Every structure is written in C-alpha cells, then in structure tokens.
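# Summary of the model geometry
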Amino acid sequence: MRKTYWGTAVLLAALFFSCNRRSGPAPQIPLQDGWKFKPTDNLEFARPDFDDRGWTNIGVDKTWNKQGFPKYEGFGWYRIKVIIPSSLKKKAYLQDSVIFHLGRIDDFDQVFLNGELIGENLKNMPPGSKPNDAYKNLKYSFWDVPRRYSLPADDPRIRWDRENVIAVRVFDWGVAGGIYSGDLRIAMPEEREYFSLRFDRHIFQEKNGQWQKTLKIKNKAEKYSIEGRIRILVKNNISGKAIYQGDESFQLQPGTAHSFRYSLPKQQQSASAQYTVLFENSGDTLTFTEGVPYILTPPEKERPQINGALVYGQRPGKPFLYRIAATGRRPMSFLAVNLPEGLMLDTETGIITGKVNKRGVYKIRLIAENELGKDEKTLTVKIGDTIALTPPMGWNSWNCWGLSVTQERVYAAAKSFVESGLADHGWTYINIDDGWEIYGKSQEAKRTPDGEIRTNEKFPEMKKLGKDIHALGLKFGIYSSPGPLTCGGYTASYGYEERDAHTFADWGIDYLKYDLCTYRDLMTDQNDPKELMPPYKKMQKALAKQNRDIVYSLCEYGNGKVWEWGAKVGGNLWRTTGDIWDDWDRMFFIGFNQEEAAPYAGPGHWNDPDMLIVGWVGWGEHLHPTNLTPDEQYTHVSLWALLAAPLLLGNDLTRLDDFTLNLLTNDEVLAVDQDPLGRQGIPVIKEKNIHVYKKELSDGSAAVGIFNTGRATQEYTLYPEKIGIRRGVKVRDLWRQKDLGRLDREFKTVIPPHGVTLIKVSE
Ligand code: GAL
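Note that this is a predicted model, so its numbers are computed, not measured.

## Some details on the site of the ligand
Near the ligand the following residues occur: Trp-398, Asp-433, Asp-434, Tyr-479, Cys-487, Gly-488, Lys-513, Asp-515, Cys-555, Tyr-557, Arg-575 and Asp-579. Asp-434 is positioned such that a nitrogen or oxygen atom in its side chain is 2.8 Å from an oxygen atom of the ligand. At a separation of 3.1 Å, an oxygen atom of the ligand approaches a polar side-chain atom of Arg-575. Among the residues forming the shell around the ligand, the class breakdown is five nonpolar, one polar and six charged.

## Some words on the domain arrangement of the protein chain
Accessible area lost during the coming together of the parts is what is often quoted as the interface size. For the protein chain, the domain assignment lists domain 1 (8–189), domain 2 (193–292), domain 3 (312–383), domain 4 (393–680) and domain 5 (684–762). The interface is formed by twelve residues belonging to domain 3 together with 16 residues belonging to domain 4. Our count for the domain 3 to domain 4 interface comes out at three salt bridges. Asp-424 is paired through a salt bridge with Arg-323; the nearest N and O atoms lie 3.1 Å apart. For the side of domain 3 that touches domain 4, the secondary structure elements donating two or more residues are strand S21 (311–314), strand S22 (320–323) and strand S23 (325–327).

## A word on the side chain of Asn-121
Within the secondary structure, Asn-121 is located in the loop between strand S7 (116–120) and helix H3 (131–136). Here Asn-121 is in contact with Phe-108, Asp-109, Phe-142, Arg-147 and Tyr-149, once residues within four sequence places are set aside.

## Details of the sheet that holds strand S2 (residues 35–38)
Spatially, S3-S2-S4-S9-S6-S7 is the arrangement adopted by the six strands of the open sheet, whose pairing is antiparallel. The strands lining the two open edges of the sheet, one partner per strand, are strand S3 (56–58) and S7. Pairwise comparison of adjacent strand axes, ignoring direction, gives a mean angle of 30 degrees for this sheet. Of the pairings in the sheet, the one linking strand S4 (residues 74–83) to strand S9 (residues 163–172) comprises ten bridges and is antiparallel in character. Residue pairing across strands places Tyr-78 opposite Val-168, the latter belonging to S9.

## Details of empty space enclosed by the protein
Evaluation of the coordinates by the stated rule reveals four cavities of 30 Å³ or more. Lining the largest cavity are Asn-396, Asn-431, Tyr-511, Lys-513, Ser-553, Arg-575, Asp-608, Asp-610, Met-611 and Leu-648. Taken together, the residues of the lining of the largest cavity sort by class into three nonpolar, three polar and four charged.

## Some points on the pattern of salt bridges
All told, the structure shown has 51 salt bridges when counted by the stated rule. In this structure, the salt-bridge partner of Arg-409 is Glu-621, at a minimum N-O distance of 3.0 Å. Linking Arg-409 in helix H5 (residues 407–419) with Glu-621 in the loop between strand S36 (616–617) and strand S37 (624–625), this pair joins segments that are 212 residues apart in sequence. Across the pair Glu-687 and Lys-722 runs a salt bridge whose closest N-O atoms are separated by 4.0 Å. Taken as a pair, Glu-687 in strand S39 (residues 682–687) and Lys-722 in the loop between strand S42 (714–718) and strand S43 (729–733) lie far apart in primary sequence, 35 residues in all. With relative accessibility at 51%, the residue Lys-722 sits in the exposed group. Residues joined by salt bridges that share partners form a network here, namely Glu-44, Arg-47 and Asp-49.

What counts and how
- Residues numbered from 1 in each chain as written.
- Predicted model: local features only at pLDDT ≥ 70, side-chain atom pairs only at ≥ 80, totals over all residues.
- Heavy atoms only, no water.
- Near = heavy atom within 4 Å.
- Polar contact = N/O pair within 3.5 Å; in protein donor to acceptor, adjacent residues only side chain to side chain.
- Nonpolar A, V, L, I, M, F, W, Y, C, P; charged D, E, K, R; others polar.
- Domains from an automatic or database assignment.
- Contact = heavy atoms within 4.5 Å.
- Salt bridge = Lys/Arg side-chain N within 4 Å of Asp/Glu carboxyl O.
- Helix = DSSP H or I, 4+ residues; strand = E, 2+ residues; numbered from the N terminus.
- Pairing = 2+ DSSP bridges.
- Axes fitted to C-alpha atoms, helices over the stretch in contact; angles between N-to-C directions.
- 1 Å grid on protein atoms, 1.4 Å probe; cavity = no way out; pocket = protein on both sides within 12 Å on 5 of 7 lines; lining within 4 Å.
- Points joined across faces, edges and corners; volume = space filled by probe spheres on them.
- Buried < 20%, exposed > 50% of the residue type's maximum accessible area, 1.4 Å probe, protein only.

See the structure below:
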C-alpha cells in the first residue's frame, strides 16, 4: 500500500504553535481540511495502510448530502492522515492527554486511530447494546453533540512525530448525515476544559426584595488543581452604568466544586451580567454573559379587577364553561347580571356553566367584589357557529415534558394555573401533547376490541382528569395525528377519526391538536393543499358531530400555506412553522416571519407560530430555564401578542419564578393579544436591527412594538406619520402600564439588545 504524503505535508504546514502560553492561543493541529469519504461500510477502512486514493475529497463543514450524496443514508467512512508532532505536547500547559475534537456528527460514530478504536458515541444507549444494534435502534441521536475523544499522551496508539490515520465510521439514520460542523482539531487539553461555571441552572431568585444569584464552579480534572479569579460585572443596558462589581478568587482541588453568591437590588431596567474567569496557571481566560431579570408589570392590586377576553363564543346546546378571570384579594364574590337561560354562575369561584340553546349575542354584566371594592365589566357571549373568538390561551405539555408527560404532571399544571394566579389573567387551556397513547411498537393492544383508543399507563384515568380540570374552571386539550402514528411513534387516529372524536368528547376534551406526522408517508406531495385538506376536513366533520365544542388546532408546520385554507377545513388555529425552541435565532426566525399569513387571522381562526418558550423547558425529564434572556422573553411575549398568536405556555408551571410570573400576568399586554377585533399585527418599519410592528385594536387604538433585534442597546426615534399614526395621540407604555404623554413630532426610546418597547397609541 502506498502512502499519500501530500495530504500529510499540507497538514504539517498548517500547524500552528504558540510559544507563549500566557498570551497566545493553545497549540493545535487543525483537522478542517484533507478528509476523504466513502459511502459504504467496511471495517477494513479503519486500517492505516488502507488505500483510500480513490475516495472522494469531502468537507466537514456540511453534511455529505450537500456534497454530492443527496439521498445517501446509512454507513459512511471518513479518513484523514496527519502527523502529530511532539512539540504539540511540549508547548502545552497540560501535557498528559491528547484530545481529538471531531465536530458534530450526524448521527453516530466510531473513531479509529491507526486501526484501533479510540472512541464511540453511544452515550445513553441501553446497556449491552453493540454499536450496530445501537445504530439501528432509532431512539437516540447525537447529531448535535460535538465529539471530543481523549487519549493519554503516552497511549501507544498515538504515533508521535509520524503519520497517523484517523478513520471515522459514521452511521446516519436518515434526513442528513456525516461530519457537518465544528472546529475539528487535535489539541492538548486546556485548563478551561476542566473548568465549569454553571449559572444557567441557578436562576436569579428573589430574596428579601433582592435578586440573589448563585454561581457554581467545578474542577472536573482528576489530577490538576485549578486556581484563578472570577470578575463579576453587572451593567444596566440602558445607561451602561455598573450596578455591581465583584472579584472572587478560587482554588479548586481535583474533582471539587464551590459556589458563591451575589445579590443585586431587584431591577426594573434591562441589565446583563458578565463573568470573566482568569486562570492563574495557564493564563487562559473565559467569559460568560447572561441577562439579569427585571420586572416591568406593576404589582397586582388588592382590589378586584376583571381580566381576560371579554368576548366568548360557544355553539348552541354545547356545554358552556367560562371562568371569570379576576385578580384581587380573596375571598371574592361574583355576580353575573343578564345570564342567558341555561347558564349558572358559581358565585364563589366565578365559574359559569350550563348550555345556551338559543343563538344570539348576549351581554352579561360581570361583577367581582371583595372587602376592598368591586369591578364590573361586560362579557359578550356569542352563541353561534364560531368558537375561539380570541386566540386560545393556555398550556401544552410538549415544551417541558415531551414524551415523558404523565397524568399527574398535567393535573399539576392545571392546579398551578389556579394557584399561581395565572388563571386570573385568562390562562385557560391545559393541553396534553404527544405521549398519552400506546406506543406503536409496543406489544400491547392499541385499542379496545371495539376500536376505542387506549391510553398508556401514564394516563390511567383520562376521563377523571378531564373532570378535575373542568372543576377548576379550566379547559382540557389533547393531541393526535391523521396518520397511523404520532410524531413520537404513538398510536394515532388514521382510520378511526370518528371513533376518536367520540372518545375525546366522552373524555371532556375541549381542544384537539392534530399533527400531520406519519400522514406524510401516505402523501405524494406534502405541500399540496389538495392532499393536505382531506385528512383535516375528515376529523373536523367528526368533531362537529360531537356533543361538545372542540377547538381544532391544525399542526402541519405551515405546509401548503395552511393559512390560505385552514379555515375551510374548520381549523380554529394552525401552525405556520416548524417547531420552536428556546433559542433567540429560532424564535426570531419564526416570530418575525409571520407577515404573509397575517391577513388570514381573525376571530375563530388564528395563525399559530408555535408555543411560548419561557420558564423551565426541556422536552423530557431534564428541564432547564429558557435560554432566552429576559429581554428576549419580553420580545417573545410582546411579539406573540402583537401577532394575535395563540398563547400556549410550554413550561413547568410548578416551577414558576417571580420574573416568569410577572412576564405572563401583564393584563394590558395580554389584552393586545386577546383584542376582540382579532387583527394580526404586521411590520410597518423594517430597518437594520429595528422592526416596528403595529396592531389595530377594537377601540380604534393601536399597539406598537419597537423591537431591537441587534446585539447592542439602541436609541430609536419613531415618527408617527411613518406608521400611519396621527400626531398628538396619547402614548402608554404597556409593560409598565404607564402613560407617557402625547406623541407630537416624534417618540424617542432606548431599547436594550434583543429587547422591545411596547406602547399603545390612542386618541
Ligand atoms: C411535532 C409538533 C410538536 C409536538 C411533537 C410531538 O410534530 O410540531 O409541537 O407536538 O410533534 O411529537
């Protein structure tokens, strides 16, 4: 076998060494270029002397699908030749191991060095699985995990100062595959790699009127101790002034951890914290930043205040359930004047139930009273064909529990709605997402002999759950798919639409999210409305036959411009995009791209840019506080309100912190979303880093959001005529619930990074 020295020479030339560890970057051997690829499987490819000259040159910055193998899935091999010079070790601060950083690999990999296995990514696989079983067991994928394999520096598999062959056997189980991103290199470990600073799991907690923050540091090394200092700098993002400065020194023995705390006065303006770690021995530094929560919504009043949508639709003869949302000191008593025939009010809880048979528009005077006073508002009830007159507000299990949802967790969410006070601001629906059905691959019967869909062991008493949720004055939602299986691989409604609609009604379901999932396998064109409409129409017809109203939520990720036909198949809301997750780029991409669908929103039919990603989220057992900064969360909620989007929380409601609760209970902001006119806000100005949205409201006023999508604080001047607003209108800051006077020539505002100024302008 002849060796190819050419590739080796190039890599050697690309070596970069620093001679001063305290100031320069750490030495490393880049592995970004020079890879060869073969889309088949053969363990011989691991051998260092294997002749790969006929293989394809391939980049590791994108999947193999984008480099000439568009449809390929399964096994593929990557090989590279590289000299590892002993100077790499000599110039490093930590010298006893060598790390192979191999970037992100979609989906699984085994790595060979000079023919010998040095690592494989099978973490989380069931014990006893062999690589091949594991690859074929489609339960987990590590497609987004950066690969980092470590060997002792004296490991005989490393050939110092000679050519080494790295061979990576990749298994892709579909969609896209291969080594596709990351900083691929060979390097000695850096001190900072053994150090962790956790601040993200320790949110700012309120303590004696202050925000208290815990920082946890850890030395993950088995042999080295790490010493250094952490500089803490908290700055106000509007004024740029320092709010807090601290300097903590640390000395961590191998495997030890240490926490320290600092406290700040509770903030009312955007702020951010920067933590700079200075490593004493290697001269390395690390910097972390995070947003500091700040409170905008004023404290709730003790006197009664009736909140929430004051227009409500129900079909004639269908069970009526409306919980008067009211804040204020308890006990509180409720009164409803002019209740139409067939309705009853529980004067202690404020829950109205019953049935109205006669179509019509009924104006009901609602009164909430406590020892400090009372509030009165008019509720317009429309008994007719349209439900969901305002965008649904509630909770869905997906963004927190994912497929680990259980009956207890759902009921706990319902209880928290009431106990936390969220229900007093209009939050109503408690929706189970995927994971309540029998798993498709399970041996268990999926349905009873007469075809009724069965719940899995995590939902022993679905009907009782419905009753308990209704008893709290809340509504109950569920999830299914028109395909044979749900996206999570659970039993779905294909062929059983009528049967399932009937079962759902029997369980007391008020809301169905119907997710395309495996129905896609039955289609020839996933974007053709002619193919998309029938399965959705079919379920809608089945729902219409039931003895209760069921809000119908279409989930097909916006395919075939669903907004153009969603209402025709009876949809009350439809997802306009793929899934959201707690990341600024993702939220930005979804939220700021809803313009095309805007004309199709209105009472009874809403565009759904997916759920809210605030609070503790995680799609499974392990939750984390949202990765959005407080400013990004203000942007998220403001934008969703301006878009008249359904507001479905996706967080663990039993873990609500002060900031999140404050964010979700601003009645003036929620009123923008719930405005009965049902207009979706649209962008009226788009400039670099500034987006201005305007939403017309039913009382002739408008809500205006000025978003700073840039990373620096920005001053902005809004000229009313530019967005069709008359000079002289009144301006109110909605988050602070404060009048700001009249808008004459211009409105000046300073907006924090990724933040928003949300105002209402009225005559
Ligand atoms: C996705 C859907 C998510 C969630 C998930 C459940 O298709 O967009 O919102 O419902 O399926 O498996």
